[in-house]
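An overview of the molecular structure
Below are the chains, spelled out letter by letter.
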Amino acid sequence: MSSRRWTRSASVGRPRYRGGTEAVMCLMGDGTTNIGAFHESLNIAALWDLPIVYVVVNNGLGMGTPVERSSAEPELHKRASSYRMASARVDGNDPAAVFDAARVALDSARAGRPYLLEAVSARLKGHSVVDPARYRSREEAEALKAADPVAAYAVHLHEQGLLTDELIAQIDAEATAIVADAARFADASPHPDVTTLFDYTYATPVPNDSRRLPGDALFPAGVSV
Ligand SMILES: Cc1ncc(C[n+]2csc(CCOP(=O)(O)OP(=O)(O)O)c2C)c(N)n1
Ligand SMILES: [Mg+2]
């Protein structure tokens with residue numbers, strides 16, 4: 001056997017490809033972390049020193065399934081250690097803590113060391129409109145609402161003398177108007193053509209990327225297999 005061994009040491013700490021300071025923050029739910037693509041992505045990011053921060057929002061539930069029932073290691077940030085990737089767990093209900101943790105994670109990614117940040121939070125409602133969240137008692141739902149970080153942080157800043165009631169009301173009104181505008185724009189827009197379904201899957205054109213829709217032939221007419 002050859003004694004020559006490939007080593008990463010020459011490339012560690014230098015993001016490949018563009019070599020700039022841009023980084024990607026890739027956000028996902030806890031329900032994503034047991035599929036193969038998640039692990040394949042972490043592995044290749046670590047091997048290639050890609051400037052990526054994987055942000056896993058662990059709200060304790062993948063649809064209606066508790067993380068402890070679906071993940072043999074429910075401390076999801078520990079998955080990074082399989083790929084020699086740095087990681088941390090942060091209180092996702094504390095915006096200041098998330099800001100600080102995100103800064104550390106981004107600095108790492110920009111230096112060519114991808115990072116996994118797990119933000120532990122809660123889901124205030126069901127997974128979607130078809131999930132009435134019956135797995136929660138009314139008391140639990142009320143307690144979660146009271147801990148809503150957006151409202152709790154406003155109270156915190158108010159107590160610190162950094163926000164007034166008027167400013168809170170103004171920020172609230174601005175945010176509500178932005179969302180209402182977006183909803184109006186969406187309602188007033190025509191339905192996109194189905195051929196645009198795969199647009200923007202990749203940032204740049206990729207040869208042979210599949211645009212096959214359900215029911216389309218697997219191979220174009222005339223191709224025999
Ligand atoms: C690739 C893929 N596999 C499975 C599903 C089905 N699915 C929809 S939501 C979900 C769980 C999502 O969990 P999480 O990311 O924690 O979101 P949350 O329920 O907290 O909103 C799954 C498995 C899917 N949409 N895509
Ligand atoms: Mg979840």
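Please read these numbers as outputs of a predicted model, since none were measured by experiment. (Residues numbered from 1 in each chain as written. Chains lettered and ligands numbered in written order. Predicted model: local features only at pLDDT ≥ 70, side-chain atom pairs only at ≥ 80, totals over all residues. Heavy atoms only, no water.)

1. Quick look at the coordination of the magnesium ion (ligand 2)
For the magnesium ion (ligand 2), the protein coordination sphere consists of Asp-30 (OD), Asn-59 (OD1) and Leu-61 (O), at 2.1 to 2.2 Å. Linear spacing of the donor residues for the magnesium ion (ligand 2) on their chain is D-x28-N-x1-L. (Donors = N, O, S within 2.8 Å, 3.2 Å for Na, K, Ca; no water.)

2. What about the sheet that holds strand β2 (residues 52-58)?
The strand order across the open sheet built from four strands is β1-β2-β6-β5, with neighbouring strands paired in parallel fashion. Across the chains shown, the open sheet's two edge strands, defined by having one partner strand only, are β1 (24-29) and β5 (86-91). For this sheet, the mean inter-axis angle between neighbouring strands, taken without regard to orientation, is 20 degrees. Of the strand pairs in this sheet, β5 and strand β6 (residues 115-120) are connected by six bridges, and their pairing is parallel. Opposite Asp-91, over in β6, you have Val-120 as the bridge partner. (Pairing = 2+ DSSP bridges. Helix = DSSP H or I, 4+ residues; strand = E, 2+ residues; numbered from the N terminus. Axes fitted to C-alpha atoms, helices over the stretch in contact; angles between N-to-C directions.)

3. Brief notes about a nonpolar patch on the surface
On the surface, Ile-44, Leu-47 and Trp-48 cluster together into a nonpolar patch covering about 230 Å² of accessible area. The topology assignment puts Ile-44 in helix α1 (residues 36-47). The partly exposed category is assigned to Ile-44, whose relative accessible area is 33%. (Patch = residues over 30% accessible without salt bridge, like charges linked within 9 Å, V, L, I, M, F, W, Y side chains within 5 Å. Areas by Shrake-Rupley, 256 points an atom, 1.4 Å probe, with all protein chains shown as cover. Salt bridge = Lys/Arg side-chain N within 4 Å of Asp/Glu carboxyl O. Buried < 20%, exposed > 50% of the residue type's maximum accessible area, 1.4 Å probe, protein only.)

4. Concerning the site of ligand 1
Neighbouring ligand 1 are the residues Gly-29, Asp-30, Gly-31, Asn-59, Leu-61, Gly-62, Met-63, Arg-123 and His-127. Contacts to ligand 1 include Leu-61, whose backbone N or O atom sits 2.9 Å from an oxygen atom. Here ligand 1, which alone exposes 600 Å², has 49% of that area covered by the protein. The class makeup of the residues in the shell around ligand 1 is two nonpolar, five polar and two charged. (Near = heavy atom within 4 Å. Polar contact = N/O pair within 3.5 Å; in protein donor to acceptor, adjacent residues only side chain to side chain. Nonpolar A, V, L, I, M, F, W, Y, C, P; charged D, E, K, R; others polar.)

5. Section: the nonpolar core
Residues Phe-38, Leu-42, Ala-45, Tyr-54, Val-56, Met-85 and Leu-116 are the most contacted members of the largest nonpolar core, which totals 15 residues. Where this core is concerned, the elements lending two or more residues are α1 and β2. In terms of residue count, the dominant contributor to this core is α1 (four residues). In this structure, Leu-42 is in contact with Tyr-54, Ala-80, Tyr-83, Met-85 and Leu-116, ignoring residues within four places of it in sequence. The next biggest cluster of nonpolar side chains, apart from the first, holds 10 residues, and it includes Val-55, Leu-106, Leu-117 and Ala-119. (Core = buried A, V, L, I, M, F, W, Y, C linked by side-chain atoms within 4.5 Å. Contact = heavy atoms within 4.5 Å.)

6. Some thoughts on the pairing of β2
Most of β2 sits out of view: six of its seven residues are buried. In this fold, the crossover linking β1 to β2 by way of α1 has right-handed handedness. Pairing between β2 and β6: six bridges, direction parallel. The residue bridging Val-56 from the neighbouring strand is Glu-118, located in β6. (Right-handed = clockwise from strand over helix to strand, strands pointing away.)

7. Considering the domain arrangement of the chain
Once the domains are mapped, the chain shows domain 1 (20-127) and domain 2 (148-189). Domain 1 and domain 2 are separated by 27 Å when their C-alpha centres are compared. (Domains from an automatic or database assignment.)

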